[in-house]
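For reference, the chains in residue letters:
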Amino acid sequence: MKKLHFYVLRQYFAPFLATFFIALFVLLMQFLWKYIDDLVGKGLEWQIVLKLLFYASFTFVPLAVPLAVLLSSLMLFGNLGERYELVAIKSAGISIRQIMVPLFVLIFAISVSTFFFANNVLPVANLNFQTLLYEVREQKPTLSIQEGVFNSSVENYVIRIAKKDRDNETIHDVLIYDHTRHMGNTTVTRAEWGKMVMTDDKKFLIFTLYNGFIVDEDPSRGVYNLIRPVRRVKFAENQKRMDLSSFSVNRLDDNFLKKSYQMLDVAQLNVYIDSMDLLVKKQKAYFAKSLLSNFYYLTNVYDTTKHYTPAEIQSVNPDPLSGLESQEKNSVVEFALHAVRNQKENLEFNKMDYINQNKMKWKYEIEWHRKFSLSFACIVLFLIGAPLGSIIRKGGIGFPMVFSVFVFILFWVINITGEKFAREGVVHASVGMWISTAILLPAGIFLLWKATTDSKILDVESWQKGVNFFERKINQLKRKKM
């Protein structure tokens, strides 16, 4: 038995690693497709791109592991069935359940490891990934000064170049508007030709200009003063140094994103969920109290802790406007209507605030359950993949890939639907995030029972025999009619 267990584990380990990295690569390509617009045209250094992909790959691990478990289980038992090794093992008196015991222990260890990864490593990776992605998104596109186009990419400068030589450095008929004083086009530089060079550290753009002039107005007379002194200076050579710091990726403070639900572990999520729940309850109680305090008449005439019927209201004060003249009554009614409208707007605002705070709390609850549900999904998908492979008895990667993709898409669609319902408050997070595993777990137990009883419900050969049988019957009927 020990040799058999080691053999099964050895046969499972290689497909699991291969399918895990394949799934991770596919998910990473999906990430590139999604964020390609944020990366292209910004002149990012390859180190930054690799770092972004490295952090992104960590975020896909909890999703890639269940898919790898499903596909590798299908491949393993499909290979054993196709090579008739399952038949030989069963003939020795060893059931499929006994074969699955060491694999189940391994999958349980993988599931626990996935949870610890999602709880301890993933928040740190998410923090670094979201921080770097935010910085890349905020970075300006690569500086590219085209011929005959007014370019304002460099902060506080507008540059126009009539012609650029093939060396991409020599420029002709240069026009530069200097806005560093934030007073409009008060300083203009024009030159016949020059050199445009970026420093090695890419922090500065240096223009060395020849045969030109500088027109400089005095903005001290005021913007609206039409008569201002102008200074015109000719030069044989002039140099301008422009700061390109806005084009670099500047590190964002990690505290900016640390409180997001994706950056927290289970213990921190518990604290945030309890705090948000307490805050919502306090705000709700405070609003109810403040709402009544705004109605002076109600709080002084009626007992606000008691529920009154319409008859009791009439008995307390039949006509609160009695004794007032017509004009005074109109004033009181107008004042009351104004107060009610204000309170209605206040009530609607607080209602929206209450809904938004609950939605934020639901996100934290969803993330809490996600750390457990995706880990448990490894066990559920193993219970589906292993017996399904032994029933289908098809090895390789083609046929198991089709089945595993179909099952995983079904699992993911149900999971996304449940998460969507939980985000909208239709169901609680404990229902929405576990509905996929709750649906697929009975299916896995059913397939395990069918595999242990040697069911041919999904055997390809049995289906092929059935198809051949019906083809023969149809051909016989055709011959009889002829």
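Right above here is the structure, for reference.
Computed from a prediction, not measured in an experiment: that's the story for all the values here.

Draft legend 1. Geometry of helix α2 (residues 46-82). Taking 1.5 Å of rise per residue, 37 residues should cover 54 Å, yet α2 covers just 46 Å from first to last C-alpha, more than 12% shy of that figure. At V61, α2 is bent by approximately 50 degrees, the largest bend along its length, and proline P62 sits one to four residues beyond. Of all 37 residues in α2, 28 are buried, a share of seventy percent or more. Within two residues after α2, Y84 carries a phi angle of roughly 60 degrees, on the positive side.

Draft legend 2. Expanded view of empty space enclosed by the protein. Applying the stated criterion to the full structure yields two cavities of 30 Å³ or more. Estimated volume of the largest cavity: approximately 60 Å³. Considering the residues around the largest cavity, the lining is formed by P62, T114, A118, L122, E367, R370, K371, L374 and S375. Looking at the lining of the largest cavity, the element that brings in the most residues is helix α8 (residues 326-392), giving five residues. Grouping the amino acids of the lining of the largest cavity by side-chain chemistry returns four nonpolar, two polar and three charged.

Draft legend 3. How the structure looks around the packing of aromatic side chains. The full count for this structure, using the stated rule, is 17 aromatic pairs. Look at F408 and W412: their rings are 6.4 Å apart centre to centre, the planes differ by 5 degrees, and that puts the pair in the stacked class. Taken together, the residues span about one helical turn, with F408 and W412 both in helix α9 (residues 398-424) at a distance of four residues. Classification of W412 as partly exposed rests on a relative accessible area of 28%. With 6.0 Å between their ring centres and 50 degrees between their planes, F446 and W449 make a pair best called tilted. With a gap of three residues between them, F446 and W449 both fall in helix α11 (residues 435-452), about one helical turn apart. Taken together, Y12, F16, F20 and F21 form an aromatic cluster joined through their ring pairs. Across the ring face of F204, the terminal group of R241 is positioned such that the distance to the ring centre comes to 4.4 Å.

Draft legend 4. Representation of the packing of α8 against α11 within the structure. Relative orientation of the contacting elements α8 and α11 amounts to 30 degrees, with a least axis distance of 8 Å. The orientation of α8 with respect to α11, classified from their angle, is roughly parallel. Crossing of α8 over α11 shows left-handed handedness. Each of S373, F376, A377, V380, L381, L383, I384, P387, L388, S390 and I391 in α8 lies in contact with α11, whose residues at this interface are T437, L440, L441, G444, L447, L448, K450 and A451. Each residue belonging to the contact of α8 with α11 can be placed in one class, and the counts come to 14 nonpolar, four polar and one charged.

Draft legend 5. Here's a closer look at the environment of K281. Turning to its location among the elements, K281 is positioned in helix α5 (residues 266-293). With a relative accessible area of 53%, K281 lands in the exposed category. In this structure, the C-alpha to C-alpha distance between K281 and Y354, residues 73 residues apart in sequence, is 9.4 Å.

Draft legend 6. Fine view of the sheet that holds strand β2 (residues 170-178). Sheet architecture is open: five strands sit in the order β1-β2-β3-β4-β5, paired in antiparallel fashion. Lying at the two open borders of the sheet, with one neighbouring strand each, are β1 (157-164) and β5 (230-243). On average, adjacent strands in this sheet sit at an angle of 25 degrees to one another, irrespective of strand direction. Here β2 pairs with strand β3 (residues 187-198) via eight bridges, running antiparallel. Residue pairing in the sheet places V174 in a bridge with A191 of β3.

Draft legend 7. A look at unusual backbone geometry. A positive phi angle, close to 50 degrees, is found at D173, a residue other than glycine. Mapped onto the elements, D173 comes out in strand β2. Here D173 falls in the partly exposed class, since its relative accessible area comes to 26%. Phi is positive for N211, close to 55 degrees, though the residue is something other than glycine. Within the secondary structure, N211 is located in strand β4 (residues 204-217). Using a relative accessible area of 39% as the deciding quantity, one classes N211 as partly exposed.

Draft legend 8. Molecular detail of the layout of surface pockets. Looking at the largest pocket, its volume works out to about 1,200 Å³. Taken together, 33 residues line the largest pocket, and the ones lying closest to its centre are L27, Q30, F60, L63 and W412. Listing elements by their share of the lining of the largest pocket, those giving two or more residues are α1 (2-39), α2, α4 (96-138), α8 and α9. Classifying every residue of the lining of the largest pocket gives 21 nonpolar, seven polar and five charged.

Each value, and the rule that gives it
- Residues numbered from 1 in each chain as written.
- Predicted model: local features only at pLDDT ≥ 70, side-chain atom pairs only at ≥ 80, totals over all residues.
- Heavy atoms only, no water.
- Helix = DSSP H or I, 4+ residues; strand = E, 2+ residues; numbered from the N terminus.
- Expected span 1.5 Å × (residues − 1).
- Bend = angle between axes of the 7 residues up to and from the residue.
- Buried < 20%, exposed > 50% of the residue type's maximum accessible area, 1.4 Å probe, protein only.
- 1 Å grid on protein atoms, 1.4 Å probe; cavity = no way out; pocket = protein on both sides within 12 Å on 5 of 7 lines; lining within 4 Å.
- Points joined across faces, edges and corners; volume = space filled by probe spheres on them.
- Nonpolar A, V, L, I, M, F, W, Y, C, P; charged D, E, K, R; others polar.
- Phe/Tyr/Trp six-rings, centres within 6.5 Å; stacked < 30°, edge-to-face > 60°.
- Lys NZ or Arg CZ within 6 Å of the ring centre and 35° of its normal.
- Axes fitted to C-alpha atoms, helices over the stretch in contact; angles between N-to-C directions.
- Parallel < 35°, antiparallel > 145°, perpendicular 65-115°, else oblique.
- Left-handed = near helix turned anticlockwise from the far one by under 90°.
- Contact = heavy atoms within 4.5 Å.
- Pairing = 2+ DSSP bridges.

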